Amino acid sequence: MPAAERRVNPWLVTLAVLLPTIMEVLDTSIVNVALPYMAGSLGADTSESTWILTSYLVSNAIVLPMTFWLSRLFGRRGYLLGCIGVFTAASVACATAGSLAAMVVYRVVQGAAGGALQPLSQAILLESFPEEERGPAMAVWGMGIIVAPVVAPLLGGYFTDQWSWHWIFLINAPVGVVAFLAVSALVRDPPHARRAPLPADAVGIACLVLGMSSLQILLDKGQEWGWWGSIEVRWLAALSALGLIGLLLHERRRRDGVVDLSIFRDRTFSLGTSIMFLFGFVLYSSLTLVPLYVQTLLQYSATDAGVVISPRGLAVMATMGIAGLLMRRTDARWVMLAGAPFLIASAAWMTRFTLDTSAWGIVEPMLLQGLGLGLVFVPLATATMSRTAPERMSSATGLFNLMRNLGGSIGVSVTQTVVAQAQQFHHLTLARFVSPYVPSFVALQTRLSAEFAATGLGPVHARRAALAAVARLVEQQAVLLSFRDAFVLLVPLFVLMVPLVLWMQPVRTAGGGVHELAV
C-alpha cells in the first residue's frame with residue numbers, strides 16, 4: 001500500500017464504512033412496522049403492500065453475490081460511492097412515492113444499491129487493519145450488522161407514531177451525504193481493487209437473476225400463496241432450481257465469472273458461511289417472532305415491542321468488544337463456543353413464553369441472546385475471512401453476507417409457516433376438550449357463567465358470554481403454542497453451530513498475526 005494511503009487512520013476508515021452499513025441494514029427491516037400505514041397512504045391492501053418488502057429483498061439478493069465482479073468492473077471505491085449515492089437518492093424517492101408501483105420501483109433500485117454496501121464495507125475494513133487488529137475492528141463494524149436490525153423496529157415505530165412513515169426513508173438523506181463525503185475523503189483502492197476490464201458474463205448474470213429472484217419471491221410469498229398447493233410456488237421453485245443449478249455449472253468453468261464459487265474450496269470459509277446461514281436464520285426469525293408474539297398475544301404497541309427487544313442490542317455491543325479482545329489471546333473458535341450456551345439458553349427460554357409473561361420475562365432472554373450474538377459474530381466473521389487473499393476479499397464478503405440474508409429469508413419464511421400451520425393444529429386439538437363430557441370444561445363454563453351472571457346478565461346470556469370467553473381462550477392458547485413450536489426450532493440450530501465451529505481450522509490472533517494451528 002502506498003505511504004500516502006497508510007497515513008489514513010484505519011479507525012477513521014472504520015467509521016466511514018460503518019455509516020453506509022448501518023443505513024442499509026436498517027432499511028432491510030425498519031419498513032416492517034410501518035407497512036400498514038404505507039399501504040393505507042398508497043391505496044394498497046395488506047397483501048399488495050408486502051411487495052414493498054419483497055422488491056427490496058429480491059434486488060438485494062441478486063447484487064450481493066455480484067459484488068466482487070461489479071467492484072472490479074467499476075473499481076471498488078467508485079462502486080461504493082456510486083451505491084451510497086444511488087441508495088440515498090432512492091431513499092428520498094421512496095419517501096415521495098405516490099403509488100404502490102412507484103414505491104416498488106424505488107425499492108428495487110434501493111435494494112440493488114444497498115446490496116453492495118455491506119460486503120464492500122467489510123472488505124475495506126478487513127484490509128485496512130493488520131491481521132492482529134481485525135477482531136476489535138470487526139466488533140465495531142459488527143454493531144451495524146447486529147444492533148441495527150434490533151433497533152430498527154423501535155425507530156420505525158417511533159418515526160411512524162410521532163411523525164409519519166416517510167421519515168423512515170428521509171432519515172437516510174443526511175446519513176448518506178455524510179457517508180459519501182467520509183468515504184470520498186478516507187477510502188482509497190489498493191491496486192488489486194482498482195477498475196479492470198472484464199469479459200461479459202451474460203449467462204452467469206441471467207442464471208443469477210433468475211435463480212435468486214425466484215427463490216426470494218418464493219420465500220417471501222410462499223405462505224401467502226399456500227406453498228406447494230399454489231402453481232405460482234411450484235413455478236418459482238422450478239425456475240429457482242434451474243437458475244441456481246445453471247449458475248453453479250456455468251461458473252465452475254470460468255475464472256472471471258460474475259460469481260467466484262472457487263472460494264468455497266476453503267474449508268474454513270465454507271463452514272463459516274454455513275454457520276452464518278444458521279446465524280441469519282435464527283437472528284431474523286427471532287426478530288420477527290418476538291415482536292409478533294408481544295403485539296399479538298400481550299397487546300404491546302409497536303413502540304413497546306421495540307423497547308423490550310432493544311436491550312438485546314446493548315448486550316451485543318457489550319460482548320462484541322469483549323470478543324474482539326479475547327481473539328488476541330485465544331483461538332477464535334473458543335470465543336464462538338463461549339457464546340453458544342447463551343444462544344441455546346435464550347432459545348430454550350423463549351419456548352416457555354406464556355400469556356402472562358412479563359416485560360422483564362421478554363427482556364431476559366433477549367439479553368442472553370444478545371450476549372451470545374456478540375460473542376459469535378466477531379470471531380465468526382474474522383475467522384471465515386482469515387485465509388482469504390486480499391484480491392478476493394470483496395467476493396468472500398459478498399457471499400458471506402448473502403448467506404446471512406438467505407438464512408434470514410428462509411428462517412422468517414419457515415417460522416411464519418410453522419406459526420400459521422401449528423395454530424390450526426393446536427386449535428383443533430384444544431377444541432376437543434370443549435365438550436359437556438369433559439369435567440374441566442364444565443367446571444370452567446359454570447364458573448364463568450356465574451361471574452357473568454353477577455354482572456347482571458340473564459342465565460342464557462351469561463352462558464353465551466362464558467362460551468365466547470372459552471372460545472377466545474382456546475384461540476389464544478392455540479396461537480401461543482404455535483409460537484412456542486416456532487421457538488423450539490431455534491434450539492437445535494444453535495446446537496448445530498457447535499460441531500461446525502469445531503470443524504473449522506483453528507485461527508487465533510497472537511504474536512502479531514493470524515496463525516493456523518495444527519488441525
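Residues numbered from 1 in each chain as written. Predicted model: local features only at pLDDT ≥ 70, side-chain atom pairs only at ≥ 80, totals over all residues. Heavy atoms only, no water.

It is worth spelling out helix α18 (residues 332-350) at this point. Across its 19 residues, α18 extends 28 Å between first and last C-alpha, which sits within 8% of the 27 Å expected from 1.5 Å per residue. Turning to α18, its buried residues are Ala332, Arg333, Val335, Met336, Leu337, Gly339, Ala340, Leu343, Ser346, Ala347 and Met350. (Helix = DSSP H or I, 4+ residues; strand = E, 2+ residues; numbered from the N terminus. Expected span 1.5 Å × (residues − 1). Buried < 20%, exposed > 50% of the residue type's maximum accessible area, 1.4 Å probe, protein only.)

The next point concerns the nonpolar core. Membership of the largest hydrophobic core comes to 139 residues, with the highest contact counts inside it found for Val31, Met38, Met103, Phe169, Tyr293, Ile362 and Phe377. The dominant element in this core, judged by the number of residues it contributes, is helix α15 (residues 267-296), at 15 residues. Counting residues in each nonpolar core, the second largest holds 7 residues, with Val438, Phe441, Leu448 and Val470 among its members. (Core = buried A, V, L, I, M, F, W, Y, C linked by side-chain atoms within 4.5 Å.)

Two quantities define a packed helix pair, namely the angle between the axes and the distance from one axis to the other. Running from amino to carboxyl end, α15 crosses helix α20 (residues 393-431) at an angle of 40°, the nearest separation of the two axes being 6 Å. It follows that α15 is oblique to α20 by the angle criterion. Taken as a pair, α15 and α20 cross one another with a handedness that is right-handed. Classifying every residue of the contact of α15 with α20 by side-chain character gives 15 nonpolar, 11 polar and 1 charged. (Axes fitted to C-alpha atoms, helices over the stretch in contact; angles between N-to-C directions. Parallel < 35°, antiparallel > 145°, perpendicular 65-115°, else oblique. Left-handed = near helix turned anticlockwise from the far one by under 90°. Nonpolar A, V, L, I, M, F, W, Y, C, P; charged D, E, K, R; others polar.)

Counting through the fold element by element, Thr397 comes out in helix α20. Counting along the chain gives 332 residues from Thr397 to Pro65, while the straight-line C-alpha distance between them is 8.9 Å. Ignoring anything within four residues of it in the chain, the contact list for Thr397 reads Pro119, Gln122, Ala123, Leu126 and Met385. (Contact = heavy atoms within 4.5 Å.)

For the rest of this paragraph, the subject is the confidence of the model for the protein chain. For the protein chain, per-residue confidence averages 83 on the pLDDT scale, and residues scoring 70 or more make up 93% of the total. At the low end of the mean pLDDT range in the protein chain sits strand β2 (residues 513-516), at 38; at the high end sits helix α7 (residues 76-95), at 93. Ignoring residues within four places in sequence, the model shows residues 1-6, a span with pLDDT below 50, making 5 contacts including any to other chains. Across residues 510-519, where pLDDT falls below 50, the model places 22 contacts with residues more than four positions away in sequence or in other chains. (pLDDT = per-residue confidence, 0-100.)

Further remarks concern the packing of aromatic side chains. In total, this model carries 9 aromatic pairs according to the counting rule given. On the numbers, 5.9 Å between centres and 40° between planes, the contact of Phe279 with Phe377 is tilted. You can see Phe279 sitting in helix α15 and its partner Phe377 sitting in helix α19 (residues 359-384), a full 98 residues away along the chain. Ring centres of Phe353 and Phe487 lie 5.6 Å apart, and the angle between their planes is 85°; on these two criteria the pair is classed as edge-to-face. (Phe/Tyr/Trp six-rings, centres within 6.5 Å; stacked < 30°, edge-to-face > 60°.)

We now examine the side chain of Ser285. With respect to the helices and strands, Ser285 occurs in helix α15. Ser285 sits in the buried class, given a relative accessible area of 0%. Within the structure, the side chain of Ser285 is placed 3.2 Å from the backbone oxygen of Val282, a separation counted as a polar contact. (Polar contact = N/O pair within 3.5 Å; in protein donor to acceptor, adjacent residues only side chain to side chain.)

Before going further, it helps to examine unusual backbone geometry. When glycine is set aside, most residues are seen to have a negative phi, and most peptide bonds are trans. Even without glycine at this site, Trp227 takes up a positive phi of about 50°. Relative to the helices and strands, Trp227 is located in the loop between α13 (202-225) and α14 (231-251). Look at Trp227 and you get buried, because its relative accessible area is 15%. The phi dihedral of Gln299 is positive, around 65°, even though this residue is not glycine. Tracing the backbone shows Gln299 in the loop between α15 and α16 (302-309).

On to the pattern of salt bridges. Side-chain pairs of opposite charge can arise whenever the charged atoms involved come near each other. Applying the stated criterion across every chain, the model contains 4 salt bridges. One salt bridge connects Arg333 with Asp331, and the closest N-O pair in it is separated by 2.9 Å. Both residues of the pair, Arg333 and Asp331, count as buried. A salt bridge links Arg447 to Glu451; the nearest nitrogen and oxygen atoms lie 3.1 Å apart. (Salt bridge = Lys/Arg side-chain N within 4 Å of Asp/Glu carboxyl O.)

Another aspect to go through is the environment of Phe281. The residue Phe281 is located in helix α15 in this model. Sequence-wise, Phe281 and Phe74 are 207 residues apart; in three dimensions their C-alpha atoms are separated by 32 Å.

An ideal rise of 1.5 Å per residue puts 16 Å on 12 residues; helix α9 (residues 117-128) measures up with 16 Å between its terminal C-alpha atoms. When you tally the buried positions in α9, you get 11 out of 12 residues, the bulk of the element.

A few words now on the environment of Ile362. Along the polypeptide, Ile362 turns up in helix α19. Separated by 68 residues in the primary sequence, Ile362 and Val294 have C-alpha atoms spaced 8.6 Å apart. Those residues within four positions of Ile362 in sequence are excluded, and the remaining contacts are Val290, Tyr293, Val294, Leu298, Val308, Phe353 and Thr357.

All right, on to the packing of helix α5 (residues 51-63) against helix α8 (residues 100-114) then. Two elements in contact, α5 and α8, have axes separated by 7 Å at closest approach and are oriented at 30°. Of the possible angle classes, the one that applies to α5 and α8 is roughly parallel. The handedness of the crossing between α5 and α8 comes out as right-handed. Every residue of α8 that contacts α5 at Trp51, Ile52, Leu53, Ser55, Tyr56, Ser59, Asn60 and Val63 is listed here: Leu100, Met103, Val104, Arg107, Val108, Gln110, Gly111, Ala112 and Gly114. A per-class count over the contact of α5 with α8 returns 10 nonpolar, 6 polar and 1 charged.

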